[in-house]
4 protein chains.
Amino acid sequence: MGSALFDPLFGADRVAARLDDASWTAALVAVEVALSRAAAEHGIVPAAHAERIEAAAAELAVDPATLGMAAVEGGNPVIPLVRQLRAAVGDAGGSVHPGATSQDVMDTAAVLLVGWAGDVVLDDLRGAADAAARLAAQHRETPMIARTLGQHALPTTFGLVAAGWTAGLDRSRAALQRAVAALPVQFGGAAGTLAALHPHGPAVAESLARQLRLADAPPWHTERTRIGELAGALAVAAGACAKPATDVVLLAGTELGEVSEAAPGDSSSMPHKRNPIAAITARASARRAPGLAAILLAAADHEHQRAAGAWHAEWETLTDLLRATGGAAARLRVSLEGLTVHPDRMVANLALTSTETDTGHAADLVDRILAAR
Amino acid sequence: MGSALFDPLFGADRVAARLDDASWTAALVAVEVALSRAAAEHGIVPAAHAERIEAAAAELAVDPATLGMAAVEGGNPVIPLVRQLRAAVGDAGGSVHPGATSQDVMDTAAVLLVGWAGDVVLDDLRGAADAAARLAAQHRETPMIARTLGQHALPTTFGLVAAGWTAGLDRSRAALQRAVAALPVQFGGAAGTLAALHPHGPAVAESLARQLRLADAPPWHTERTRIGELAGALAVAAGACAKPATDVVLLAGTELGEVSEAAPGDSSSMPHKRNPIAAITARASARRAPGLAAILLAAADHEHQRAAGAWHAEWETLTDLLRATGGAAARLRVSLEGLTVHPDRMVANLALTSTETDTGHAADLVDRILAAR
Amino acid sequence: MGSALFDPLFGADRVAARLDDASWTAALVAVEVALSRAAAEHGIVPAAHAERIEAAAAELAVDPATLGMAAVEGGNPVIPLVRQLRAAVGDAGGSVHPGATSQDVMDTAAVLLVGWAGDVVLDDLRGAADAAARLAAQHRETPMIARTLGQHALPTTFGLVAAGWTAGLDRSRAALQRAVAALPVQFGGAAGTLAALHPHGPAVAESLARQLRLADAPPWHTERTRIGELAGALAVAAGACAKPATDVVLLAGTELGEVSEAAPGDSSSMPHKRNPIAAITARASARRAPGLAAILLAAADHEHQRAAGAWHAEWETLTDLLRATGGAAARLRVSLEGLTVHPDRMVANLALTSTETDTGHAADLVDRILAAR
Amino acid sequence: MGSALFDPLFGADRVAARLDDASWTAALVAVEVALSRAAAEHGIVPAAHAERIEAAAAELAVDPATLGMAAVEGGNPVIPLVRQLRAAVGDAGGSVHPGATSQDVMDTAAVLLVGWAGDVVLDDLRGAADAAARLAAQHRETPMIARTLGQHALPTTFGLVAAGWTAGLDRSRAALQRAVAALPVQFGGAAGTLAALHPHGPAVAESLARQLRLADAPPWHTERTRIGELAGALAVAAGACAKPATDVVLLAGTELGEVSEAAPGDSSSMPHKRNPIAAITARASARRAPGLAAILLAAADHEHQRAAGAWHAEWETLTDLLRATGGAAARLRVSLEGLTVHPDRMVANLALTSTETDTGHAADLVDRILAAR
C-alpha cells in the first residue's frame with residue numbers, strides 16, 4: 001500500500017500519499033466526527049458532545065501501528081478507534097459512533113479515500129489527455145505510416161494516432177468520475193436496518209452525507225455493485241493509458257525512432273540507448289489493474305448481512321488499484337507532456353512502402369475527435 | 001462458445017443461441033449487406049448492386065466450418081466471407097465491402113451480437129430483479145435474523161434482504177444497458193483513416209449505423225474503452241447475481257431451512273436433500289465472469305493501428321462472458337421466481353438469540369428501496 | 001467450448017475435438033463402465049453384470065443435448081446418464097454406479113479429458129520447442145542486435161534468442177506433464193467417506209484407477225490443489241508460448257524484417273503486408289489463459305463436502321483453458337516450424353548502432369542451453 | 001507493499017517485514033557484494049576491492065526514499081545504488097557491478113526476497129497443516145454430518161474433514177517449496193549474453209549462486225516460466241488455506257456451532273457474537289491471490305531481450321502475492337491452532353437427518369491420509 005522505493009518510479013507517489021495508513025486513519029476519524037455531528041443535528045446526541053468529539057478528534061494522536069495491532073481482536077480498526085476516541089472525550093463517549101456499526105465507518109472512510117485519491121487520478125488522466133490532444137492538433141497533418149498487425153498498412157497522421165489516445169483517455173476519465181461520484185455514504189447500523197436510530201436513521205444518513213459531501217443512499221453494506229463499477233472504471237482507465245504507452249514504446253524503438261521522451265533513461269555502458277522510461281512504467285502499472293479489478297469484481301458475493309472475507313478483501317485491493325491506475329496516468333502524462341515527435345523519421349519510414357502523401361482524411365478525423373472533447 | 005451438454009444446466013442455452021457460430025456468421029453477413037447499402041446511399045456503389053448483394057446474402061449458404069478453415073490463411077473470417085459474397089454476385093462483386101477493412105466488419109458484427117445476446121441478459125436480469133422485488137414486498141415485515149460474519153446479529157426482515165438483492169440487480173442492469181447501447185458501429189477502413197471513401201467516409205459510417213440501428217462514432221479500432229466498459233458491466237451484473245444466489249444457498253442449508261427452491265435437485269440415495277440447483281449454478285456462472293472480464297480489460301493495449309493478438313483475444317472471450325453473465329441471470333431468475341420462503345423457520349432461528357420483534361425500521365427501508373425502482 | 005468458426009484460426013481444432021460434448025459424454029460412460037468392472041473385481045457386483053454394462057455402454061446412444069436438458073433437474077449430467085445406462089441393462093441396473101456419487105464420475109471424467117486433451121497440448125509444446133531448438137542450433141552464430149526496453153543494446157545471436165524460447169517451452173511442458181499425471185481417479189461416494197463399499201472402498205478405487213490408467217488417491221472432492229496446479233501449469237505454458245510469439249511479431253515488423261512466417265496472411269489491398277498470423281493468433285490464445293487460470297485458482301474454496309458452485313465452475317473453465325493453451329502451442333508451432341530467418345536484415349539492423357561482431361559468448365550459451373534439453 | 005494499519009489483522013506482518021523497502025534494498029546490496037566477490041574469485045576484479053566493497057556495503061546508509069527518487073531517471077533503483085556504492089569505495093568503484101546489468105541485480109534480489117519471505121509462508125503453511133493434522137487425529141471418530149451443496153448428506157467424521165484440510169496444505173506447501181527452490185541467480189549482462197566477462201561469465205554466475213546459496217542457471221531475463229510457476233504455487237497455497245477457512249466460518253455459524261475460534265472477535269453491542277476473525281481474514285487474503293497470480297502469469301510476454309513493462313510489473317505484484325498467501329497461511333494457522341470443536345453440536349446436528357453412527361470408514365481414511373504425510 002505504498003513504497004518509498006518504488007512509488008516515484010511508477011508515478012504512484014502523489015496518489016499513494018492519499019492512500020497511506022495516515023490517510024485511512026484520518027478518514028476513519030473524519031467519519032466518526034461527521035457521524036456525531038449528524039446525530040446531533042437530529043437531537044440524538046447533544047450538540048455539545050459533537051463539538052467536543054470534533055475537538056478531541058483534531059488533537060487525537062492515532063498511531064496506525066497501534067491501531068493495526070488492536071484491530072486484530074475485533075476484526076477491524078474501527079473498534080479500537082472508537083475506544084480511543086471515547087476515552088478522549090470522557091462523559092461524551094456515549095455520543096461517539098451513534099447507531100453505527102464498524103462497516104458503516106470503514107465503508108464511508110473508503111469512499112472518502114476514493115474521492116481524495118480519485119482527484120489525483122482524474123487530474124493525471126486529464127493532463128495526459130490534454131497532452132495527447134495538443135499532439136493531435138500539432139500533428140494533424142504530420143504523415144506517418146499506419147501499422148496493422150505490426151506491418152506497414154497505409155498512411156495516416158500522427159495527429160490521428162494521438163487523437164485516438166485522447167478519445168480513450170477522455171472517455172475513461174468521464175466514466176471514472178461518474179463511478180467515484182456514485183459512491184455514497186454507508187449508514188445502516190449493526191444489521192443494516194437503521195434500527196438503533198429509528199425513525200431518524202435515514203435523516204441522520206442524509207446529514208452524514210451532507211457533512212462529508214457524499215451522495216446519500218440506503219445501506220449498501222452487502223450490495224457492492226458500486227465497488228464493482230469503480231473497479232471496472234479504474235481498469236478501463238488503466239487500459240486507456242496502456243494504449244498510448246504501448247505506442248510510445250514501439251514508436252521510440254531504435255529502428256522506428258518516430259518519437260522520444262524528454263527524459264529518457266540512459267545507460268552508462270550504452271550511450272545510444274534512449275529508454276522511454278515513463279511510458280514503460282505506465283505500461284507496468286496498467287498491467288496490474290485488470291487482475292486487481294478482478295479481485296474486487298469477484299468479491300461481490302457478500303454472505304448474508306456482512307461478508308466473512310469478501311468485504312475485508314476490498315480494502316487493500318481498492319487501495320492498490322487506485323495506485324496502479326493513478327501511477328499509469330501520472331507516468332503517461334509525463335511521457336506525453338514531454339514527447340518529442342520526429343516527423344523526418346516518420347517520413348523516412350513511410351517511404352519504405354508508400355508514396356501516398358495526402359493526409360486530408362486523417363486531419364478531418366482529428367478535427368472531429370478534438371471537437372467532441 | 002456453447003455446449004449442448006452444459007448450457008441448459010447453467011442457464012446459458014437462451015443466450016448461447018444468439019452467440020453461436022451461426023449468429024456470428026449472420027452478423028458478419030448483415031454488416032456487409034448494410035455496408036453496401038450505406039455506400040449506395042452516397043453514390044459510392046450502384047444501388048442496384050446493393051440490392052443484388054442483399055438478395056444474394058439472403059440466399060448465401062455460409063458454413064461456419066468452411067469459413068473457419070478458410071479464415072486461417074488471412075487471419076480472420078471476413079476475408080473468405082467477402083470472397084464468397086463477391087462470387088455470389090458476379091459483376092456486383094466490386095460493390096461488396098466498399099472502403100472497409102476486416103476489423104470494421106468483425107467489430108461491428110461483435111457489436112450486433114452483443115446487442116442480440118444483451119437483450120436476453122437484460123431480460124433475465126429484469127426478471128430476477130422483479131422476482132426479488134416481489135419477495136421484498138411480500139415479506140417486508142417477515143422477521144428473520146440478520147447474520148453478520150456468519151453469526152446472528154439483530155433482527156431484520158426477509159423483505160429487506162430481498163430489497164437489497166433488487167437494488168443490486170437493478171443498478172447493474174441499468175449500467176449494462178448503457179454499456180451495450182454505447183457500442184457504436186466500427187468503420188475506418190484499412191488504416192482507420194476512412195481514406196478510401198474520402199470525403200464520404202463519415203457519412204457512410206452514419207448510414208451504416210442507421211441501417212444497423214447502432215450508434216455512430218469515429219473509428220475506435222484501437223480505442224477499446226467501450227469493450228472494457230462492457231466487460232466491467234457484465235462482471236458487475238454477474239456479481240449482482242452472485243449475492244442473492246449465495247444467500248439462497250446459505251438460507252436453504254439444512255440447519256437454516258429458511259428458503260427452498262421450487263424444483264430442488266434431489267438425490268435417489270438421500271431423499272432429504274433439497275439442493276438449490278438454480279442458485280448453485282447461478283453462482284458457478286457468476287464465478288467465471290471476473291476472470292473473463294479481466295482478459296478483456298487487459299486487452300486494451302492494442303499496438304499501432306491494429307493489435308497483433310489483443311484484438312483477436314476479444315472475440316471468444318466476449319462471447320463467453322456474455323454466456324456466463326447471461327447464465328447467472330437466467331438461473332437466478334429461476335431460483336427467485338420459484339422461491340418458497342419459510343417464515344416459521346425464520347422465526348424459530350431468530351428465537352435462538354433474539355426476542356426483538358419490531359420490524360418497522362426494516363419495512364420502511366424496503367418501501368424506500370422499492371419506491372426508487 | 002468449441003467453435004467451428006474460430007477453432008482452426010486459433011489452432012484449437014485438434015485439442016477441441018477431445019474436449020467437446022461427445023468427449024465429455026464418452027468420458028462419463030468410460031468411468032461408469034470402469035467402475036462396474038472395478039466393483040466386480042472385488043465381488044461387489046456380479047462380473048456378468050459388469051460385462052453387460054460394458055457391452056450396453058458400447059452401444060448406448062448418448063445424445064449430449066438430451067443429457068444436457070435432463071441434467072437441469074438433478075444438477076449434473078451423471079444422474080440422467082446413470083438412469084439411461086440402468087435402463088439399458090435391465091436387471092443389471094443395480095450394478096451401475098456402485099458406491100459412487102455424481103462428483104466421482106464428473107471428476108474422474110474430467111481427469112480423463114485432461115489426459116486426452118493434454119496429450120495434444122504436450123505434443124504441440126514439444127513440436128514448438130523442437131522447432132525453436134532447431135532455429136537455435138542453426139543460428140547459434142547468426143549475429144543480431146539484442147534489444148532491451150525496445151532499444152538497441154549489444155549484439156547477441158538469433159540462436160541465443162531461440163534457445164531462450166526453447167528453454168521456456170521445455171520447462172513449461174515438463175511441468176504440465178507432471179500436473180496432468182498427478183490427477184488421480186476420484187472415488188469417495190456420497191460423502192467422500194467410501195462408506196457404501198466399506199471396507200472395500202480403497203480397493204475399488206485402486207482397481208478403478210488401474211482400469212483407467214490413472215493415479216490412485218484418497219478422495220479429493222473438496223481438496224482441489226491438483227486442479228489449481230494444472231491451471232497454473234497451463235497458464236505458464238501459455239506464457240511460454242507468448243514470449244516467442246511476441247518476438248516473432250516484433251521481429252517480423254516492416255522496419256525490422258528479421259523473420260517472416262511461411263504462410264503469412266496477406267491483404268488484397270495491401271500486397272506488401274506479410275502478417276505473421278500464426279504468431280498473432282498464438283498471442284491471442286495465450287492472453288486468455290491467465291484469466292481462465294485465475295477462475296480455477298479462485299475456485300478452491302469448496303464448502304463442506306461438496307461445493308455449491310465452485311465445483312461446477314471448473315467444468316467449462318478447464319475445457320476453455322485447455323483450448324487456449326493448446327491453441328497457443330499449436331499456432332506457435334506452425335509459426336516456428338515455418339519461420340524464415342533473414343540474417344541480412346539482422347546484420348543491417350545491427351550495423352545501425354554496433355560494430356561488434358564477436359558472437360562466441362552467445363554461441364556458447366546456446367550450446368549450454370541445448371545440451372540441457 | 002505493507003501497511004502497519006492492516007498487516008497485523010491480515011496476518012501479513014511477519015512476512016511483510018521481509019518484503020519491505022528495507023528488505024529490497026538489503027537484497028540489492030547483498031547481490032552487488034556477492035557479485036564483486038564472485039568476480040574476484042575468477043580474477044576479474046581484485047580480491048581487495050571485493051573486500052572493500054563488502055565492508056563499505058555493510059556501512060552504507062541506503063535510504064529507500066532517496067533511492068526511490070533517484071530510480072526515476074534511469075528506470076530502476078539499481079543504477080543509483082551502484083552509483084552510491086561506487087562513490088563509497090573510491091578507486092575500487094570499477095569493481096562494483098562487474099559485467100552486470102540492472103536486471104541481473106533486480107532479479108537476483110527478488111529471488112533472495114522470495115526465499116526470505118517464502119520461509120515465513122512455508123512455516124505458517126506447515127503450522128496450519130500440523131494443526132489440521134492434530135485435529136484430524138483427535139477427531140478421527142468424532143461423528144458429524146457431511147454436507148453437500150449445503151444440504152445434509154451422510155455422516156462423516158470431523159477428523160476426515162480436517163484430514164482433507166491437511167492434505168491440501170501439505171501438497172501446496174511441497175509445491176511452493178519446489179517453486180521457491182527452483183528460482184536461480186540471474187546473471188547475463190547487458191544483453192543476456194555474458195559478453196562482458198567472456199569466457200568467465202558462466203563461472204562467475206556459478207560463484208554468485210554459491211555465494212547467495214541459490215541455484216545456478218543460464219540467463220532467464222526474458223524466460224519467466226519460473227516466476228509463473230511461483231505465482232501458481234502461491235495461489236494454490238492460498239486456495240489450500242481458503243478451503244479450511246471457509247469451512248471454519250460455516251461451521252462456526254450460529255445455527256451450526258460445531259467449531260469456534262480461541263479468540264473470536266466480539267461485539268460490544270451484540271455479546272452473543274463469536275466472529276471467527278482469524279478464518280475470516282484468512283479468506284480475505286486468499287481471495288486476493290488469484291488475481292495477483294494472474295498479473296504475473298500474464299506478464300510472461302517479455303519483448304526481445306528486456307521487457308518494456310512486463311518485467312517492471314512483477315516487482316510489487318510478487319511482493320503483494322507473497323503477502324496475501326503468507327497472510328492467509330498465518331491467520332489460518334491461528335484459527336486452526338486455537339480451534340475448539342464441539343462434538344455435542346455435531347451430534348445434535350447430525351441427528352436432524354441421520355441415525356447412522358458408524359464412523360469406521362471415515363476413520364480409516366483419516367489414518368491413510370495422515371500416514372501419507
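In this text the structure is predicted, and so the values were computed from the model without any measurement.

Basis of the calculations
Residues numbered from 1 in each chain as written. Chains lettered and ligands numbered in written order. Predicted model: local features only at pLDDT ≥ 70, side-chain atom pairs only at ≥ 80, totals over all residues. Heavy atoms only, no water. Helix = DSSP H or I, 4+ residues; strand = E, 2+ residues; numbered from the N terminus. Buried < 20%, exposed > 50% of the residue type's maximum accessible area, 1.4 Å probe, protein only. Areas by Shrake-Rupley, 256 points an atom, 1.4 Å probe, with all protein chains shown as cover. Lys, Arg positive; Asp, Glu negative; His and termini not counted. Charge placed at Lys NZ, Arg CZ, Asp CG, Glu CD. Least-squares fit on C-alpha atoms with pLDDT ≥ 70 in both. Contact = heavy atoms within 4.5 Å. Salt bridge = Lys/Arg side-chain N within 4 Å of Asp/Glu carboxyl O. Polar contact = N/O pair within 3.5 Å; in protein donor to acceptor, adjacent residues only side chain to side chain. Nonpolar A, V, L, I, M, F, W, Y, C, P; charged D, E, K, R; others polar. Pairing = 2+ DSSP bridges. Expected span 1.5 Å × (residues − 1). Buried area = accessible area lost by both parts, 1.4 Å probe. Phe/Tyr/Trp six-rings, centres within 6.5 Å; stacked < 30°, edge-to-face > 60°. Axes fitted to C-alpha atoms, helices over the stretch in contact; angles between N-to-C directions. Parallel < 35°, antiparallel > 145°, perpendicular 65-115°, else oblique. Left-handed = near helix turned anticlockwise from the far one by under 90°. pLDDT = per-residue confidence, 0-100.

## Side note on the overall build of chain A
- A count of helices and strands for chain A gives 13 helices and 4 strands.
- Overall size of chain A, expressed as C-alpha extent along the three principal axes, is 85 × 45 × 35 Å.
- Per-residue burial over chain A gives 70% buried out of 373 residues.
- When the accessible surface of chain A is split by element, carbon and sulfur atoms take 53% of a total near 10,700 Å².
- The positive charge centre, built from 30 side chains, and the negative charge centre, built from 40, are 3 Å apart in chain A.

## Comments concerning the relation of the copies chain B and chain D
- For the pair chain B and chain D, the superposition axis carries a translation of 0.0 Å, the fit reaches an RMSD of 0.0 Å, and the rotation angle comes to 180 degrees. What the superposition gives is, in effect, a two-fold axis relating one chain to the other. For chain B, the minimum C-alpha distance to the rotation axis belongs to E255 of chain B and amounts to 3.2 Å.
- The residues that chain B uses at the interface reappear at the interface of chain D in 100% of cases, marking a shared surface.

## Examining the interface of chain B and chain D
- Contact residues are listed per partner, giving 26 residues for chain B and 26 residues for chain D.
- Taken together, the links from chain B to chain D amount to 2 salt bridges.
- Taking the shortest distance from any N to any O, the salt bridge between E255 of chain D and R147 of chain B comes out at 2.8 Å.
- Viewed at the interface, chain D and chain B are joined by 12 residue pairs in polar contact (both at pLDDT 80 or more).
- Secondary structure elements with two or more residues in the side of chain B that touches chain D: β1 (143-148), β2 (151-157) and α10 (277-298) of chain B.
- Partitioned by chemical class, the residues of the side of chain B that touches chain D number 12 nonpolar, 10 polar and 4 charged.

## Overview of the pairing of β2 of chain B
Residues and elements named next belong to chain B.
- The element β2 is largely enclosed, with a buried count of 6 among its 7 residues.
- Summarising the sheet, β1 and β2 pair through 5 bridges and their orientation is antiparallel. Directly across from I145, in β2, lies its bridge partner P155.
- Hairpin geometry of β1 and β2 is characterised by an intervening segment of 2 residues between the two adjacent antiparallel strands and by a positive phi of about 55 degrees at L149.

## Some thoughts on helix α13 (residues 360-371) of chain B
Residue and element names in this part refer to chain B.
- Along its 12 residues, α13 runs 16 Å from first to last C-alpha, staying within 8% of the 16 Å computed at 1.5 Å per residue.
- For α13, the set of buried residues is H361, A362, A363, L365, V366 and I369.
- The elements touched by buried residues of α13 are α6 (102-138), β2 and α7 (158-181).

## Quick look at the interface of chain B and chain A
- Listed as interface residues are 69 residues of chain B and, on the opposing side, 69 residues of chain A.
- Buried area between chain B and chain A, both sides added, is near 5,400 Å², and the carbon and sulfur share of it is 67%.
- Viewed at the interface, chain A and chain B are joined by 4 salt bridges.
- Note that R368 of chain A and D216 of chain B form a salt bridge whose closest N and O atoms lie 3.7 Å from each other.
- Counting only elements with at least two residues in the side of chain B that touches chain A, the list comes to β1, β2, α7, α9 (225-251), α10 and α13 of chain B.
- In terms of residue count, α9 of chain B provides more of the side of chain B that touches chain A than any other element does, 15 residues in total.
- For the side of chain B that touches chain A, a count of residues per class yields 35 nonpolar, 20 polar and 14 charged.

## Overview of the packing of aromatic side chains
- Scanning the entire structure with this criterion turns up 24 aromatic pairs over all chains.
- Relative to F10 of chain D, the ring of W315 of chain A has its centre 5.8 Å away and its plane inclined at 70 degrees; by these criteria the two rings are edge-to-face. Here the residue W315 of chain A occupies a position in helix α11 (residues 312-337), and F10 of chain D occupies one in the segment before α1 (13-16), the pair thus bridging two chains. Accessibility assignment for this pair places W315 of chain A and F10 of chain D in one class, buried.
- Judged by centre distance (6.4 Å) and plane angle (50 degrees), the rings of F6 of chain B and F10 of chain B are tilted.
- Counting every residue linked through ring pairs, the aromatic cluster contains F6 and F10 of chain A together with W24, W311 and W315 of chain D.

## Notes on the relation of the copies chain B and chain A
- Least-squares fitting of chain B to chain A yields an RMSD of 0.0 Å, with the superposition described by an axial translation of 0.0 Å and a rotation of 180 degrees.
- Residue by residue, 100% of the interface of chain B is reproduced at the interface of chain A, so both copies engage with the same surface.

## Some points on helix α10 (residues 277-298) of chain C
- For α10 of chain C, built from 22 residues, the straight-helix expectation of 32 Å at 1.5 Å per residue is met to within 8% by its first-to-last C-alpha distance of 33 Å.
- Most of α10 of chain C is tucked away: 20 of the 22 residues are buried.

## A few points about the pattern of salt bridges
- Taken as a whole, this structure holds 112 salt bridges over all chains when the rule is applied.
- Residues joined by salt bridges that share partners form a network here, namely D7, R288, E316, D320 and R323 of chain A together with D7, R288, E316, D320 and R323 of chain D.

## Focus on the packing of helix α3 (residues 47-59) of chain A against helix α5 (residues 78-89) of chain A
Residue and element names in this part refer to chain A.
- In contact at an axis separation of 9 Å, α3 and α5 are set at 110 degrees when each is read in the N-to-C sense. Our classification of the angle between α3 and α5 gives roughly perpendicular. Crossing hand, α3 versus α5: right-handed. Taken together, the residues of α5 that come into contact with α3 (itself represented by R52, I53, A56 and A57) are L85, A88 and V89.
- Among the residues forming the contact of α3 with α5, the class breakdown is 6 nonpolar, no polar and 1 charged.

## Description of the confidence of the model for chain A
- Taken residue by residue, chain A gives an average pLDDT of 96. The fraction at 70 or more is 98%.
- Here the predicted complex scores 0.98 on pTM and 0.97 on ipTM.

## Section: the environment of N349 of chain C
- As for its placement among the helices and strands, N349 of chain C is situated in helix α12 (residues 343-350).
- As for N349 of chain C and A262 of chain C, which are separated by 87 residues in sequence, their C-alpha atoms are 22 Å apart.
- Among all residues touching N349 of chain C, those that are not within four sequence positions of it are E255 of chain A together with R147, H152, E255, L256 and E258 of chain C.
- Within the structure, the side chain of N349 of chain C is placed 3.0 Å from the backbone oxygen of L256 of chain C, a separation counted as a polar contact.

## Focus on the packing of helix α9 (residues 225-251) of chain C against α10 of chain C
Residue and element names in this part refer to chain C.
- For the pair α9 and α10, interaxial distance at closest approach is 8 Å and the crossing angle is 155 degrees. On the basis of the axis angle, α9 is roughly antiparallel to α10. As α9 runs across α10, the sense of the crossing is left-handed. Here α9 contributes I227, G228, A231, A235, A238, A242, A245, T246, V248 and V249 to the contact with α10, which in turn contributes A279, I280, A282, R283, A286, A289, A293, L296 and L297.

## Here's the deal with the side chain of E223 of chain D
- Within the fold, E223 of chain D resides in the loop between α8 (201-212) and α9 (225-251).
- In this structure the side chain of E223 of chain D is engaged in a polar contact, spanning 2.7 Å, whose partner is the side chain of T225 of chain D.
- Contact partners of E223 of chain D, with chain neighbours within four places excluded, come to G164, A167, G168 and R171 of chain C.

## Here we look at the side chain of T193 of chain B
- Looking at the secondary structure, you find T193 of chain B in the loop between α7 and α8 (201-212).
- Dropping the residues within four chain positions of it, T193 of chain B is found in contact with P155, T156, L160, H361, A362 and L365 of chain A together with G188 of chain B.

## Observations concerning the environment of V249 of chain D
- Residue placement: V249 of chain D occurs in helix α9.
- In this structure, V249 of chain D is in contact with A308 of chain A together with P276, A279, I280 and R283 of chain D, ignoring residues within four places of it in sequence.

## Regarding the environment of R274 of chain B
- Residue placement: R274 of chain B occurs in the loop between β3 (259-260) and α10.
- Spatially, the C-alpha atom of R274 of chain B lies 23 Å from that of L5 of chain B, the residues being 269 residues apart in sequence.
- Excluding anything up to four places from it in sequence, R274 of chain B contacts S260, E261, P264 and G265 of chain B together with Q151 of chain D.

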